[in-house]
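Below, each chain spelled out in residue letters.
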Amino acid sequence: MGTMTTSINEANIKHGYDAGAGHYVVVHPLDDRPEEKVDIEGLGPMPMTRSVRYSLFSLRAYLVLMILLVAYHALGLSGLLGH
Amino acid sequence: MTNNITPTPAAGMALETDAPVRGMVVKSRWMHSLLTFLAVFGPGLIVMVADNDAGAVSTYTQAGAQYGTSLLWLVVLLLPVTYFVQEMVVRLGIATGKGHAAMIFQRFGKWWGIFSLVDLELVNFLTLVTEFAAIDLALTKLGVDPRIGVPLIALGLFLMTVTGSYRRWERIVVFLCALDLAWFVITWKLHPGAGEVLRAAVRPTMPPGGITSDFIFLVIAIVGTTIAPWQLFFQQSCIADKRLRFSDVPWARLDTFVGALITITVAGCMMLVGNASRMHGLHFTDPAQMAVDLGTFFGPLLRNTILLLMINAAVLGTATISLSSAWAYGEVKGWPHSLQLPIQKAGGFYAVYLLCVGLAAGLVLIPGAPLQLIILSVQVLAGVMLPSAIIFLQLLLNDKELLGEYANKPWNNAVNWTIIIVLFGLSLVLAAQVAAPGLFPGLNGGTN
């Protein structure tokens with residue numbers, strides 16, 4: 001088994017293997033340094049073709065229609081619409 | 001990766017670039033692999049097992065009680081489907097370090113972001129009400145006053161989340177997930193017949209009464225229960241909060257696959273428990289009553305275990321669905337939103353969580369609350385939302401500018417578009433039938 005360490009020489013470690021010391025090191029993600037990720041703020045909105053834009057607009061209309069339909073049906077079942 | 005990259009800490013947390021890295025030293029390569037997997041393990045298992053919530057217990061046991069083992073093959077078929085959908089979230093979460101709501105907001109704009117958030121919060125809240133309704137029902141059958149039991153469970157759900165430690169929260173929830181394995185013991189006690197089960201699992205068969213409207217809707221309910229919109233938001237936020245790294249992708253995929261395997265086999269067990277009630281000539285009304293009825297044949301231990309598992313399923317569902325709401329809201333509002341933060345530093349995030357749990361628990365305790373109406377609305381709204389949620393996921397996963405080498409491959413797209421088309425067809429039928437029952441005169445049956 002292994003032992004807990006408080007500090008690790010990261011420069012020597014490749015794919016979890018410390019070649020200098022001849023052992024492997026397991027680091028929990030929350031104990032590791034924050035990793036460099038994709039900068040989504042810098043990318044801005046996704047470029048979309050006109051067909052994708054219209055498809056998403058249709059999808060939005062479909063969702064709104066279905067939510068209204070469900071709300072109407074639910075209100076009807078609860079007796080709030082008077083029938 | 002060919003795009004811009006930036007150091008990303010857990011949401012709302014300060015960068016700790018000077019903090020020493022703590023780790024565990026091991027001698028062998030296989031021990032390194034095992035311990036790395038265990039360190040990464042969690043989000044995939046939790047999202048999958050929590051998907052077997054109170055609604056799932058009801059749907060799967062009802063399927064078994066009405067159609068025996070006829071629908072086992074469908075559950076097996078859903079294993080790759082649920083894995084492929086959630087695997088996309090794994091790549092997206094690890095590559096960006098952001099939650100799903102934040103991604104939609106930033107890549108599709110404010111209006112789509114708000115729209116998706118409102119949809120998610122609405123369906124999540126209605127689902128939470130059904131979770132607490134199940135807790136209420138099971139507690140009553142156990143002889144516990146829900147007016148005491150429901151607030152206590154809600155308090156427990158709040159306390160386990162506000163500890164300021166992601167790891168502590170994860171350990172508690174993984175323990176609750178492990179309790180779900182008791183479904184295997186119950187199924188084994190009921191002697192379902194291994195040969196018949198294996199045959200039904202691999203060979204699609206038609207139910208004894210043929211294909212009826214009830215059967216079609218139960219099929220739709222099973223699909224809708226196994227893949228839900230909140231899962232996409234939950235797992236991506238969970239991965240971002242746990243700060244999984246690019247090197248963790250293979251382990252996170254394995255975590256998701258193990259979770260999918262467990263949830264599908266547990267779902268099969270629930271169906272077999274329902275089948276046992278059918279074999280004893282019992283009429284199915286709900287899973288709590290089924291537990292009581294089976295108890296007359298197999299004793300109070302089995303009855304109480306099923307009722308407790310029903311509560312556990314609802315608790316797991318509540319813990320994860322409330323968190324998916326809180327994470328999504330925190331991401332969009334730009335609030336600190338991490339389980340690693342104490343309540344003083346992420347007040348808004350924990351307030352949303354508390355509000356979701358508290359309101360849902362309070363609603364089921366109101367005498368005469370329209371619970372059946374809420375359950376009906378949950379089914380339809382979840383069915384309507386699911387395909388559109390997956391379309392956003394699919395578009396994001398094809399965004400090479402965003403994901404580079406982690407973007408979808410052509411075979412990913414072929415599989416995913418097939419899943420989307422099938423889900424869209426099913427959701428249209430379900431939504432149209434429930435919202436306007438007179439639309440298809442030939443399909444007037446309901447299942448739940």
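Residues numbered from 1 in each chain as written. Chains lettered and ligands numbered in written order. Predicted model: local features only at pLDDT ≥ 70, side-chain atom pairs only at ≥ 80, totals over all residues.

Examining the overall build of chain A
Helix and strand counts for chain A come out as 2 helices and 5 strands. A burial count over chain A gives 18% of its 83 residues as buried. (Helix = DSSP H or I, 4+ residues; strand = E, 2+ residues; numbered from the N terminus. Buried ≥ 20, exposed ≤ 12 C-beta atoms within 10 Å, placed from the backbone.)

Section: the overall build of chain B
Of the regular secondary structure elements, chain B holds 19 helices and 2 strands. Taking 2.2 N^0.38 as the reference for a compact globule, 448 residues should give roughly 22 Å; the C-alpha atoms of chain B span a radius of gyration of 22 Å, in line with that estimate. Structurally, chain B occupies a C-alpha span of about 65 × 50 × 50 Å along its principal axes. Going through the 448 residues of chain B one by one, you find that 52% of them count as buried. At a minimum sequence separation of 6, the contacts of chain B that also span at least 24 residues come to 84%. (Rg over C-alpha atoms; globule rule 2.2 N^0.38 Å. Contact = placed C-beta atoms within 7 Å.)

Examining the nonpolar core
The biggest cluster of nonpolar side chains holds 150 residues, and the ones touching the most others in it are Phe132, Ile135, Ala138, Met270, Met271, Met310 and Leu381 of chain B. A total of 17 residues in this core trace back to one element, the largest contributor, which is helix α15 (residues 300-333) of chain B. Mapping this core onto the domain boundaries places at least three of its residues in each of domain 1 (1-34) and domain 2 (48-83) of chain A. When neighbours within four sequence positions are excluded, Ala138 of chain B is seen to be in contact with Ala288, Leu307, Met310 and Ile311 of chain B. (Core = buried A, V, L, I, M, F, W, Y, C linked by C-beta atoms within 7 Å. Domains from an automatic or database assignment.)

Things to note about α15 of chain B
Because each turn of an α-helix spans 3.6 residues, side chains separated by three or four positions end up pointing in the same direction. All names here are of chain B. In a regular helix each residue adds 1.5 Å, so 34 residues correspond to 50 Å; α15 covers 49 Å between its end C-alpha atoms and thus fits that length. Of all the 34 residues making up α15, 27 are buried; the element is thus mostly covered by neighbouring parts of the structure. Looking at the residues trailing α15, positive phi occurs at Gly334, about 80 degrees. (Expected span 1.5 Å × (residues − 1).)

Description of the packing of helix α6 (residues 110-141) of chain B against helix α14 (residues 287-298) of chain B
All names here are of chain B. At their nearest, the axes of α6 and α14 sit 9 Å apart, and the two run at 25 degrees to each other. One way to sum up the angle between α6 and α14 is to call them roughly parallel. Crossing hand, α6 versus α14: right-handed. On α14, the residues touching Leu137, Ala138 and Lys141 of α6 are Ala288, Ala291 and Val292. In terms of residue class, the contact of α6 with α14 is built from 5 nonpolar, no polar and 1 charged. (Axes fitted to C-alpha atoms, helices over the stretch in contact; angles between N-to-C directions. Parallel < 35°, antiparallel > 145°, perpendicular 65-115°, else oblique. Left-handed = near helix turned anticlockwise from the far one by under 90°. Nonpolar A, V, L, I, M, F, W, Y, C, P; charged D, E, K, R; others polar.)

With respect to the pairing of strand β4 (residues 23-26) of chain A
Bridge count for strand β3 (residues 17-18) of chain A against β4 of chain A is 2 bridges, and the pairing is antiparallel. Looking at the pairing, Asp18 of chain A lines up with His23 of chain A of β4 of chain A. Between β3 of chain A and the antiparallel strand that follows it, β4 of chain A, lie 4 residues; Gly22 of chain A among them carries a positive phi value of about 75 degrees. Relative to strand β2 (residues 23-26) of chain B, β4 of chain A runs antiparallel, the two being bridged by 3 bridges. Its bridge partner lying in β2 of chain B, Val25 of chain A is registered against Val25 of chain B. (Pairing = 2+ DSSP bridges.)

Structural notes on helix α3 (residues 54-67) of chain B
With 14 residues, α3 of chain B extends 20 Å from end C-alpha to end C-alpha; this agrees with the ideal 20 Å at 1.5 Å per step. Within α3 of chain B, 13 of the 14 residues are buried, which leaves the element mostly enclosed by the surrounding structure.

Some points on the environment of Ile262 of chain B
Residue and element names in this part refer to chain B. With respect to the helices and strands, the residue Ile262 is situated in helix α13 (residues 249-279). Judged by local crowding, Ile262 falls into the buried class, with 20 C-beta atoms found within 10 Å. With 85 residues separating them along the chain, Ile262 and Cys177 place their C-alpha atoms 9.7 Å apart. Residues in contact with Ile262, not counting those within four places in the same chain, are Met48 and Val49.

Section: the confidence of the model for chain A
Across chain A, pLDDT averages 79, with 84% of residues at or above 70. When the elements of chain A are averaged for pLDDT, strand β1 (residues 3-5) of chain A gives the smallest value, 53, and β4 of chain A the largest, 89. (pLDDT = per-residue confidence, 0-100.)

Overview of the packing of α6 of chain B against helix α12 (residues 229-242) of chain B
Residues and elements named next belong to chain B. Two elements in contact, α6 and α12, have axes separated by 10 Å at closest approach and are oriented at 110 degrees. Between α6 and α12, the interaxial angle falls into the category roughly perpendicular. Along its contact with α6, which presents Leu120, Val123 and Asn124, the element α12 presents Pro229, Trp230 and Phe233. Residues belonging to the contact of α6 with α12 are distributed by class as follows: 5 nonpolar, 1 polar and no charged.

Some remarks on the environment of Gly383 of chain B
Relative to the assigned elements, Gly383 of chain B resides in helix α17 (residues 371-397). According to the C-beta neighbour criterion, Gly383 of chain B is buried, with 27 such atoms within 10 Å.

Digging into the confidence of the model for chain B
Residues and elements named next belong to chain B. Of the residues in chain B, 91% have a pLDDT of 70 or more, and the chain-wide mean is 89. Segment residues 442-448 is flagged for pLDDT under 50; beyond a separation of four residues in sequence, or across chains, it makes 19 contacts in the model. Both confidence scores are given for the complex: pTM 0.91, ipTM 0.85.

Overview of unusual backbone geometry
Residue and element names in this part refer to chain B. Even without being glycine, His191 reaches a positive phi, approximately 50 degrees. Of note, His191 is situated in the loop between α9 (182-189) and α10 (194-202). C-beta crowding within 10 Å serves as the criterion here: with 10 such atoms nearby, His191 is assigned to the exposed category. A positive phi is found at Arg243, a non-glycine position, where the angle reads about 60 degrees. Judged by local crowding, Arg243 falls into the buried class, with 26 C-beta atoms found within 10 Å.

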